[in-house]
Amino acid sequence: MTQRLNTLQFRLLATLTLAFQLLWNAPVTAQDTGSNSDFDYSGASVVLNNASEKIQAEATTTDALRLLRSRLVILRDQASDIVNSEQLEYRRIKAKLGALDPAPAAGESEADIISQRRQELNEQLALVDEPIREARDVLAQVELLIWELDRQLRIRQLDALFTRTVSVVEPGAIQTAIVELSRDDSQFSSDFFSVAKSVEQGRPYGAVRLFLALLFAAGGLAILFRAQPRISDLLNARTENTSGIDKSFWVAIATVSNFAIPLLGALSLALIPISLGLRLRSEIFAGEFFSYVLFLTICGYWMGQTIFAPGAPGRRLVNVTNQEASLAVRLCLSLGALSAMSFTLHVVDDETPLRDETISVLATPVTLVTALLLWLLANLLRPDESQHGHLEDNTEGSFGNQVGSQRYSNLLRLLLRATAIASVLSILTGYVNMAQHVATATVLTIALFGLSLLLFTFVNALIRFIAERVMGQPEPSMPLVSLIVGATVTFLSLPFVALAWGVQVADLQEAWRLIVNGIELNGIRISLNVVASFLAVLFVGVFVTRWVQFSLRVNVLPRTRLDFGSRNALVTGVGYFGITLAGILALSSAGVSMSSIAVIAGALSLGIGFGLQTIVSNFISGIILLFERPIAVGDWIEVSGHSGTVKKISVRSTQLETFDRHEVIIPNQDLIANTVKNLTLSSRVGRLIIPVGVAFNSDLEQTKSILEAAAAGHPEVLEYPAPSALFRGIGESSLDFELRCYLKNVDSILVVQSDLLFRIFADLNAAGIEIPFPRRDVHLTDAAVEKET
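This structure is a prediction, so every number in the text was calculated from the model and none was measured.

Scoring rules and cut-offs
- Residues numbered from 1 in each chain as written.
- Predicted model: local features only at pLDDT ≥ 70, side-chain atom pairs only at ≥ 80, totals over all residues.
- Heavy atoms only, no water.
- Helix = DSSP H or I, 4+ residues; strand = E, 2+ residues; numbered from the N terminus.
- Buried < 20%, exposed > 50% of the residue type's maximum accessible area, 1.4 Å probe, protein only.
- Contact = heavy atoms within 4.5 Å.
- Areas by Shrake-Rupley, 256 points an atom, 1.4 Å probe, with all protein chains shown as cover.
- Pairing = 2+ DSSP bridges.
- Core = buried A, V, L, I, M, F, W, Y, C linked by side-chain atoms within 4.5 Å.
- Salt bridge = Lys/Arg side-chain N within 4 Å of Asp/Glu carboxyl O.
- Polar contact = N/O pair within 3.5 Å; in protein donor to acceptor, adjacent residues only side chain to side chain.
- Expected span 1.5 Å × (residues − 1).
- Bend = angle between axes of the 7 residues up to and from the residue.
- Axes fitted to C-alpha atoms, helices over the stretch in contact; angles between N-to-C directions.
- Left-handed = near helix turned anticlockwise from the far one by under 90°.
- Nonpolar A, V, L, I, M, F, W, Y, C, P; charged D, E, K, R; others polar.
- Phe/Tyr/Trp six-rings, centres within 6.5 Å; stacked < 30°, edge-to-face > 60°.
- Lys NZ or Arg CZ within 6 Å of the ring centre and 35° of its normal.
- Arc of directions from axis to C-beta.
- pLDDT = per-residue confidence, 0-100.
- Parallel < 35°, antiparallel > 145°, perpendicular 65-115°, else oblique.

Draft legend 1. Quick peek at the overall build of the protein chain. Looking only at helices and strands, the protein chain features 24 helices and 10 strands. Residues counted as buried form 38% of the 789 residues belonging to the protein chain. Considering only contacts within the protein chain whose residues lie at least 6 apart along the sequence, 74% involve residues at least 24 apart. Surface summary for the protein chain: the accessible area is close to 44300 Å², and the carbon and sulfur share equals 62%.

Draft legend 2. Seen up close, the pairing of strand S10 (residues 735-743). Taken together, the 9 bridges between strand S8 (residues 686-694) and S10 define a ladder with antiparallel strand orientation. Residue pairing across strands places Leu688 opposite Cys741, the latter belonging to S10. When strand S9 (residues 724-730) meets S10, the two strands line up antiparallel, connected through 6 bridges. For Leu726, the partnering residue across the bridge sits in S10 and is Glu738. Turn length for the S9-S10 hairpin, with the two strands adjacent in sequence and antiparallel, is 4 residues.

Draft legend 3. Summary view of the nonpolar core. One finds Ile307, Phe308, Val318, Leu335, Leu377, Leu416 and Ile446 to be the most contacted residues of the largest nonpolar core, which totals 35 residues. Elements with a minimum of two residues in this core: helix H9 (286-308), helix H10 (322-351), helix H11 (356-380), helix H13 (402-428), helix H14 (432-470) and helix H15 (481-500). Counting residues in hydrophobic clusters, the runner-up holds 23 residues, among them Trp636, Leu688, Ile690 and Ala711.

Draft legend 4. Just the pattern of salt bridges, in detail. This model, assessed by the stated rule, comprises 13 salt bridges. Of the charged contacts, one joins Arg69 and Asp150 as a salt bridge, the two residues approaching to 2.5 Å between their closest N and O atoms. Taken as a pair, Arg69 in helix H3 (residues 62-99) and Asp150 in helix H4 (residues 112-161) lie far apart in primary sequence, 81 residues in all. Considered together, Arg69 and Asp150 belong to a single accessibility category, that of buried residues.

Draft legend 5. A look at the sheet that holds strand S3 (residues 636-639). Pairing in this open sheet of 5 strands is antiparallel, and the strands run S6-S5-S4-S3-S7 from one edge to the other. The open sheet has two free edges, formed respectively by strand S6 (663-667) and strand S7 (677-678), since each of these has just one partner strand. As paired strands, strand S4 (residues 642-649) and strand S5 (residues 653-658) are joined by 5 bridges and run antiparallel to one another. Bridging from a neighbouring strand, Lys648 pairs with Gln655 of S5.

Draft legend 6. Expanded view of the side chain of Ser493. Along the chain, the position of Ser493 falls in helix H15. A distance of 2.8 Å separates a polar side-chain atom of Ser493 from the backbone oxygen of Thr490.

Draft legend 7. View of H11. The terminal C-alpha atoms of H11, which comprises 25 residues, lie 36 Å apart, in line with the 36 Å expected from a rise of 1.5 Å per residue. At Ala363, H11 shows its largest bend, some 30°, and a proline, Pro365, comes one to four positions later.

Draft legend 8. Spatial organisation of the packing of helix H22 (residues 700-712) against helix H23 (residues 749-766). The geometry of H22 relative to H23 is characterised by a closest axis approach of 9 Å and an angle of 140° between their N-to-C directions. The hand of the H22/H23 crossing is right-handed. Between H22 and H23, the residues in contact are Ile706, Leu707, Ala709, Ala710 and Ala711 and Leu756, Arg759, Ile760, Asp763 and Leu764, respectively. Split into classes, the residues belonging to the contact of H22 with H23 amount to 8 nonpolar, no polar and 2 charged.

Draft legend 9. Local environment of the packing of aromatic side chains. Scanning the entire structure with this criterion turns up 5 aromatic pairs. Relative to Trp302, the ring of Phe259 lies with its centre 6.0 Å away and its plane at 75°, an arrangement referred to as edge-to-face. In this pair, Phe259 is assigned in helix H8 (residues 244-276) and Trp302 in helix H9, connecting sequence segments 43 residues apart. Phe259 sits in the partly exposed class, given a relative accessible area of 23%. Trp302 sits in the buried class, given a relative accessible area of 14%. Ring centres of Phe539 and Phe543 lie 6.4 Å apart, and the angle between their planes is 20°; on these two criteria the pair is classed as stacked. Here the residue Phe539 and the residue Phe543 both occupy positions in helix H17 (residues 528-556), the gap between them amounting to 4 residues, near one helical turn. Owing to a relative accessible area of 53%, Phe543 belongs among the exposed residues under this scheme. Grouped by ring-pair contacts, the aromatic residues Phe259, Phe295 and Trp302 constitute a single cluster. The ring of Trp375 has Arg417 lying over it, and the distance from NZ or CZ to the ring centre is 5.6 Å.

Draft legend 10. Local environment of helix H2 (residues 41-56). In a regular helix each residue adds 1.5 Å, so 16 residues correspond to 22 Å; H2 covers 23 Å between its end C-alpha atoms and thus fits that length. Every buried residue of H2 is accounted for by Ala44, Leu48, Ala51 and Ile55. The buried residues of H2 occupy an angular sector of 65° when the element is viewed end-on, so they sit on one face. Summarising the geometry of H2, the exposed residues directed more than 90 degrees from the buried face are Ser42, Val46, Glu53 and Gln56.

Draft legend 11. Focus on the confidence of the model for the protein chain. Taken residue by residue, the protein chain gives an average pLDDT of 76. The fraction at 70 or more is 77%. In the model of the protein chain, helix H12 (residues 388-394) stands out as the element of lowest mean pLDDT, 39, in contrast to S10, which has the highest, 93. Across residues 186-193 the pLDDT falls below 50, and counting only partners more than four positions away or on other chains, this stretch makes 15 contacts in the model. Confidence drops under pLDDT 50 across residues 195-202; counting only partners more than four residues distant or on other chains, this segment forms 8 contacts.

Draft legend 12. View of the packing of helix H5 (residues 173-181) against H11. At their nearest, the axes of H5 and H11 sit 8 Å apart, and the two run at 100° to each other. One element, H5, and the other, H11, form an angle in the roughly perpendicular class. Contacts between H5 and H11 pair Ala173, Ile174, Thr176, Ala177, Glu180 and Leu181 from the former with Glu357, Thr358, Val361 and Leu362 from the latter. Here the residues of the contact of H5 with H11 are counted per class, giving 6 nonpolar, 2 polar and 2 charged.

Draft legend 13. Broad picture of unusual backbone geometry. Of the consecutive residues Tyr720 and Pro721, the connecting peptide bond is found in the cis state with omega at -5°. Looking at where Pro721 falls in the secondary structure, it is placed in the loop between H22 and S9.

Draft legend 14. Examining the sheet that holds S8 more closely. Strand order in the open sheet formed by 3 strands is S8-S10-S9, with antiparallel pairing between adjacent strands. Taken across any chain shown, the strands that pair with only one partner, and hence form the sheet edges, are S8 and S9. Strand-to-strand twist in this sheet, taken as the mean axis angle between neighbours without regard to direction, amounts to 25°. Across the sheet, H22 touches S8, S9 and S10, and the angle it forms with S10 is around 25°.

Below, the structure written as structure tokens:
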């Protein structure tokens, strides 16, 4: 091949931690390489000119460009240090100049001592400003060169990916590969037969080597096929029989053992070729090579055990059956072995470059089998509605979050299927680099998925433990905890996913540098420190506000004579004030001046006046309701055809619960602009009126006494004002009375009305007083008789 992919992607699984450490510490390390006093401006010019020439030269290799970039990064950090450190001295001199009287206008004079002092400070300012200007000039050039270098490196990487070589289906490709592979220039067989010959001749050196090799082989096989299954079954039983923090502990032990024990067995097997002194090529020792191969295979096994956990549904991270979990582990183990084969191909190609036809023939079966395994693995992650009930029964008390992991599983399933299709199409059309890159990156993404999901479940388990043991709650009281943990884990995994898909470490370093240093918008620098400071101050402010509200609601206000509505209004007002103050302090800590806030508020006022006037009107109405208190929480009101109890007064609306247990949301503006009937504004005393009709022949005084006695005997009726029965009129079929009485609590009006009606009906019947019903007398006449008469 004319262009080979960098083997970093195939070693990424073994170097992720190192890459992240380089990403995190690279800016600091570069800054430590020089100081302001050691900065050589003439040397910097030489470096810049040399870098410009190499960037323009097409013959410059990729490794040379990367080395050049590292030098430019050191130079950039040195220049940036000078700009940042000497700006303090520059500002100090400017402050001294500002302390002097304003400079005189043209034609005016000032005191000699002040003029002399002004001249000295200007000279000092020019002296301090000169290295800063030079450093800024160097910094601007370095930034441009680094940007151009990164652009060229990305172009070369993409060219390598999209370069078409030879497809295995092209005529003559397989024959050419067979001819090249038939050459026997490997030293493996000669080294092995050399050891065998020394043993046959009775040489102790060869016998010792062979004995050590057999010992390592027996030990490795015993660890892999005897010790590992037994320890795994034991730990699975532990995780299934425990709960809470104990379960999390044993899950951690099982996760570590699933990697450490097979790795120990793999290392033992890797010592076999080392003890025999075998080499694949002149510069490739078999022991070191097999170490990488076995490590990648063990990583595939550990990935399957971590995600699918056969035999331990309690710590399974995805929703599959035990049979599917066992199949998934075998698929992951096979993917690890195929990654090891791809690694083998690259190692051999680096040592002795192979022809494009040979690379295509060797890579095609590996890629096709990888695509098949990825497709089968995607089928295991499919949502199967028919098994949901069974799976939930099997995973009750599961360590993983089945609902959350299902979302990740859906995305992973789509990725696996898309990768399988893209890999097959790429390898058959001759884009070998693209096929290998996509397949390997997907395998690494699966591994990162398992690690991220494992971290997510561990953190959630820790939060549940804190909630249960420390806070005394069965679940965390904050519903957004899982969402925040998931977002954090996803954010932390993004750099590793980017590395897996070919993003250079330098690109991640530049992105991190941009996040840390920030960008400047209208005089306000937005950076990671600024955002962190803003969020920290805002969080502390909101926390203190909630704590003050809680203290007022629980400890302070119950000891006062304020009613419930007044206490609720005071607590809500404190919340509005505290959150507003926290927002202002957070903006100030982020470097936003009050004048800028005023400008922003003025700009928003125009939009608020046109587009948000209803929302603002409701907000202002809500504040009026809280402080003027025409209604309060718990009041019985009637508004806009609705009658019920006020449950909550929020910023935009008021929640009303009707007597049918329906929730009615009423905009606050309606409560201010419309007529509202509040039955419990000043007190909960209310009047009950019950109309009663009796027959025309009834004793009026006796009826009145019965009605008043019934009301006076009820415990919920007030003695003063005393109940009264009024004779309201003579109806068409009855004598109409009204029983009027005042209740202690108007909320019980329906119950009291029902009780009084029962009592009145019984007392009237006992007294022989009839309750009439409508009566009509119909008189029929003969129209013919009337006409004759």
